[in-house]
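Listed below, chain by chain, are the residues.
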Amino acid sequence: MSNTQQVELNIEHARQGVKFGEALDRLMKNRDFQKVILDGYLRDEAVRLVHLKADPAMYTADDQGALDAQIITVGLFGAWLRRQRKEAETAQKELEENQELLETLREEEAEAQA
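I will try to describe carefully the structure that is included in this document.

Parameters and conventions
- Just so you know, the residues in each chain are numbered from 1, in the order the chain's sequence is written.
- Reporting in this predicted model follows two pLDDT cut-offs: at least 70 for local features of residues, and 80 or more for side-chain atom pairs to be given and counted; totals over whole chains, interfaces and linings ignore these cut-offs and use all residues.
- With hydrogens and water stripped out, all remaining heavy atoms of the structure feed into the side-chain values.
- Residues forming no salt bridge and having over 30% relative accessible area are the ones grouped into patches, like charges within 9 Å of each other and nonpolar side chains (Val, Leu, Ile, Met, Phe, Trp, Tyr) within 5 Å.
- Where accessible areas are quoted, they stem from the Shrake-Rupley method and a 1.4 Å probe; at the residue level, only the protein chains shown are allowed to cover.
- Should a side-chain nitrogen of Lys or Arg be within 4 Å of a carboxyl oxygen of Asp or Glu, the pair is scored as a salt bridge.
- Under the counting rule used here, the positive set is Lys and Arg, the negative set is Asp and Glu, and His together with the chain ends is not counted.
- The atoms used to mark charge sites are NZ of Lys, CZ of Arg, CG of Asp and CD of Glu.
- A helix here means a DSSP run of H or I that spans at least four residues, while a strand means a run of E at least two residues long, and both kinds are numbered starting from the N terminus.
- Note on classification: 1.4 Å probe, protein chains only; a residue is buried when its accessible area is under 20% of the maximum for its type, exposed when over 50%, partly exposed between these limits.
- Put simply, a nonpolar core is a bunch of buried Ala, Val, Leu, Ile, Met, Phe, Trp, Tyr and Cys residues held in one set by side-chain atoms that sit within 4.5 Å of each other.
- Whether two residues are in contact is decided by their heavy atoms, any of which lying within 4.5 Å being enough.
- Note on method: axes are straight lines fitted to C-alpha atoms, helices fitted across the in-contact stretch only, with angles between N-to-C directions ranging 0 to 180 degrees.
- Any angle between 65 and 115 degrees counts as roughly perpendicular, while under 35 counts as roughly parallel, over 145 as roughly antiparallel, and the rest as oblique.
- Here the term charged refers only to Asp, Glu, Lys and Arg, the term nonpolar to Ala, Val, Leu, Ile, Met, Phe, Trp, Tyr, Cys and Pro, and the term polar to all other amino acids, Gly among them.

### A look at a negative patch on the surface
Point 1. Where like charges cluster on the molecular surface, the negative patch consists of Glu94, Glu96, Glu97, Glu100, Glu103, Glu107, Glu108, Glu109 and Glu111.
Point 2. Following the sequence through the fold, Glu100 ends up in helix α3 (residues 61–113).
Point 3. On the basis of relative accessibility, which here comes to 56%, the residue Glu100 falls in the exposed class.

### Notes on the pattern of salt bridges
Point 1. Across all of its chains, the model carries nine salt bridges by this definition.
Point 2. Lys53 is the salt-bridge partner of Asp68, the closest N and O atoms lying 2.6 Å from each other. On the criterion of sequence distance, the pair formed by Asp68 in helix α3 and Lys53 in helix α2 (residues 31–53) is long-range, its members being 15 residues apart.
Point 3. Connected via shared salt-bridge partners are Asp25, Arg85, Lys86 and Glu89.

### Digging into the nonpolar core
Point 1. Counting eight residues, the largest nonpolar core consists of Val7, Ile11, Ala14, Val18, Ala91, Leu95, Leu102 and Leu105.
Point 2. Contributions of two or more residues to this core are made by α1 (3–29) and α3.
Point 3. Excluding residues that lie within four positions of it along the chain, Leu105 makes contacts with Asn3, Thr4 and Val7.

### Re the packing of α1 against α2
Point 1. Running from N to C, α1 and α2 cross one another at 80°; their axes reach a closest spacing of 5 Å. Taken as axis vectors, α1 and α2 run roughly perpendicular relative to one another. Contact with α1, carried on its side by Leu27, Met28 and Lys29, involves Arg31, Phe33, Gln34 and Leu38 of α2 and no other residues of that element.
Point 2. Its residues assigned to classes, the contact of α1 with α2 comprises four nonpolar, one polar and two charged.

Here is the structure:
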């Protein structure tokens, strides 16, 4: 595979990451998603679960373990959303860099053929 072909593959991969990020942006701006997921789950449900940890009715080891697992799940999902946003930003930078590199490679190839 030539350098040009590899850069073209990198560009396509980066474009897919950018498109994913655009979809994530649309989702994050959606009022229903904000209400149900960002506010209802990632904020309100996390608070409810933490408060349940102190509820005397939830003091058994099984209850505490289940609450811990649910709290961790909320945190992991929030972290996943943030990581996807960061990866989309990285894809945008990679797309720009690879497009510039492709242009340079094509110019070099044209000069070599001239």
